[in-house]
Amino acid sequence: MNKERRIQQQSPVEAEIPLLPQEIMVEILSRLPVKSLCQFRCVSKQWLSLISDPLLAKSHLKKTVSNDCFYSQRKRVIISSHNLYSLEYESIGRNGSFDENLVALELDYPLKDKPNGLAELLDSARDGFLYCERSEEGNDEFPVMVKLNLPFCVNQRNWVDILGSCNGLVCIAPDEDTLFLFNPSTRESKRIPDPPSGFVPNGWSVYGFGYDFVNDDYKVVKVGCGTVCVYSLRTDSWRIVCSFPYVDNVSESGVLLNGTIHWMVSFEDGVDCRCVVAAFSLEEEVFSDMPAPDIVDTSFEFVVGVLNGCLCVLHSRNQMHNDFWVMTEYGVGKSWTKLTLSLSYICMKPLCLAQNREALLDVDGKLLLYNLEDDSYRYLVVDGIPAGDGFEADTYLETLVSPNGFCRT
């Protein structure tokens with residue numbers, strides 16, 4: 001009886017707690033980190049509905065990109081090395097520390113535990129060796145057993161290709177020709193359907209990923225065998241948009257900048273072949289040519305990158321080099337500026353500027369901070385990532401953007 005009386009006395013007080021207008025709630029929640037918001041989804045159905053609302057995701061993203069403090073707090077480095085890892089941006093180069101090791105967190109992602117075929121192969125091992133059948137002179141009736149000494153330290157997970165990152169969504173390929181849009185912060189993912197048969201023939205293909213501001217749509221671009229097709233997240237479908245007007249020798253994923261995906265390509269101009277930067281507009285879905293640095297020619301391989309909002313051209317896979325070019329004014333060929341480094345590289349990818357304004361670079365499978373003012377650099381040690389496997393890296397933002405939050409229109 002006393003317990004019932006206490007409950008009755010408390011109920012009117014709870015009922016009188018005022019509810020804030022939704023726009024005020026959105027303003028407050030958009031200032032909070034994604035981890036907290038994901039936890040708040042469990043408070044009530046109302047909170048779940050509010051935090052899952054695409055309007056909050058857009059408000060949260062807008063706050064992130066327009067506020068330097070939020071942007072710094074919510075930026076992450078994603079690393080692929082037979083697994084996916086996340087690294088806090090704010091911990092990189094903090095206080096100019098040279099001794100503190102960085103700690104990477106292992107991520108959950110789609111198809112993470114799918115074996116890459118090596119597991120079944122290793123299960124067939126006997127006495128520490130693998131045996132396979134080989135026919136001699138085409139005689140299949142009497143195969144010869146061959147003993148193979150395969151190292152058992154080989155990683156049994158698939159390599160995860162990072163194809164692009166935009167607004168918190170990362171386009172990944174955790175298996176061959178199997179694409180997902182993945183939000184590492186919320187762990188949401190969406191399997192991108194395969195293009196219809198005949199869209200792009202089997203064989204060589206590269207991808208690009210980005211956001212179409214005008215049509216409010218995330219798009220994946222696939223280039224292969226002279227054909228360009230585009231996947232729209234809003235319609236959840238592929239379309240052939242044009243032919244690829246360049247030589248099919250592109251081997252790297254496209255780089256996103258200003259709503260446009262860029263590749264370094266070769267262009268046949270009569271009897272001559274010259275290099276240009278191919279710029280594919282996600283809004284108009286057409287290519288335009290941007291001038292490459294004058295020194296760039298087809299005798300070497302080059303790729304594009306982005307550093308501090310500027311387009312870059314870098315050497316790739318051909319001898320050691322110690323320079324690259326930065327386009328200080330977007331689209332203006334005369335603004336290409338050559339930068340010479342105090343170290344040499346075969347492959348290099350600019351990632352971002354760290355807290356102390358040093359450039360974070362992926363150089364031949366290692367992370368380093370490079371001071372562009374005094375040409376000093378230091379390699380970073382990252383705990384939590386197995387040594388010896390190499391890796392590729394990109395950056396992403398912690399956002400609420402959902403790969404499943406777009407409906408067919």
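Everything below is about the structure printed above this text.
Residues numbered from 1 in each chain as written. Predicted model: local features only at pLDDT ≥ 70, side-chain atom pairs only at ≥ 80, totals over all residues. Heavy atoms only, no water.

Each α-helix winds once per 3.6 residues, and so residues spaced three or four apart point in a common direction. Among the residues of helix H2 (residues 22–29), Met25, Val26 and Leu29 are the ones counted as buried. Down the axis of H2, the smallest arc covering the buried residues is 100°, so these residues share one side. On its buried side, H2 packs onto helix H3 (34–40), helix H4 (45–51) and helix H5 (54–66). (Buried < 20%, exposed > 50% of the residue type's maximum accessible area, 1.4 Å probe, protein only. Helix = DSSP H or I, 4+ residues; strand = E, 2+ residues; numbered from the N terminus. Arc of directions from axis to C-beta. Contact = heavy atoms within 4.5 Å.)

Pairing is antiparallel in the open sheet, where six strands are placed in the order S19-S20-S21-S22-S23-S24. Of all the strands in the sheet, the pair left with one neighbour each is strand S19 (302–307) and strand S24 (377–379). The sheet shows a mean angle of 55° between the axes of neighbouring strands, taken without regard to direction. As defined by bridge partners, strand S22 (residues 359–363) adjoins strand S23 (residues 366–370) across five bridges and the pair is classed as antiparallel. Paired with Leu360 across the strands is Leu369, a residue of S23. (Pairing = 2+ DSSP bridges. Axes fitted to C-alpha atoms, helices over the stretch in contact; angles between N-to-C directions.)

On to unusual backbone geometry. The backbone of Arg187 sits at a positive phi, close to 70°, despite the residue not being glycine. Here Arg187 shows up in the loop between strand S9 (178–182) and strand S10 (189–191). Owing to a relative accessible area of 58%, Arg187 belongs among the exposed residues under this scheme. Positive phi outside glycine occurs at Asn258, with the angle close to 55°. Structurally, Asn258 can be placed in the loop between strand S15 (255–257) and strand S16 (260–269).

Bringing the nonpolar core into the picture now. Counting 21 residues, the largest nonpolar core has Cys171, Leu179, Ile192, Phe209, Tyr218 and Val220 as its most contacted members. When contributions to this core are tallied by element, the ones reaching two or more residues are strand S7 (161–166), strand S8 (169–175), S9, strand S11 (206–212), strand S12 (217–224) and strand S13 (227–232). (Core = buried A, V, L, I, M, F, W, Y, C linked by side-chain atoms within 4.5 Å.)

Along the polypeptide, Ser30 turns up in the loop between H2 and H3. Setting aside chain neighbours within four positions, we find Ser30 in contact with Leu56, Ser59, His60, Lys63 and Arg74.

According to the stated counting rule, one finds zero disulfides in the structure shown. Sulfur of Cys242: no disulfide; nearest cysteine sulfur belongs to Cys229 and is 9.8 Å away. (Disulfide = S-S within 2.5 Å.)

Summed over the entire model, instances satisfying the criterion amount to 16 salt bridges. A salt bridge links Asp236 to Lys190; its shortest N-O distance comes to 3.5 Å. With Asp236 in the loop between S13 and strand S14 (237–243) and Lys190 in strand S10, this pair connects stretches of sequence that are 46 residues apart. Ionic pairing is found between Asp194 and Arg191, a salt bridge with its closest N-O pair at 3.4 Å. For Arg191, a relative accessible area of 34% gives the class partly exposed. (Salt bridge = Lys/Arg side-chain N within 4 Å of Asp/Glu carboxyl O.)

Overall, antiparallel pairing links the four strands, which are arranged S7-S8-S9-S10 in an open sheet. The sheet terminates laterally at S7 and S10, the two strands that pair on one side only. Averaged over all pairs of adjacent strands, the angle between strand axes in this sheet comes to 25°, irrespective of strand direction.

Mapped onto the elements, Ser165 comes out in strand S7. A distance of 2.7 Å separates the side chain of Ser165 from the backbone oxygen of Thr395, its partner in a polar contact. The contacts of Ser165, once residues within four sequence positions are left out, are Val170, Phe209, Leu256, Asp394, Thr395 and Tyr396. (Polar contact = N/O pair within 3.5 Å; in protein donor to acceptor, adjacent residues only side chain to side chain.)

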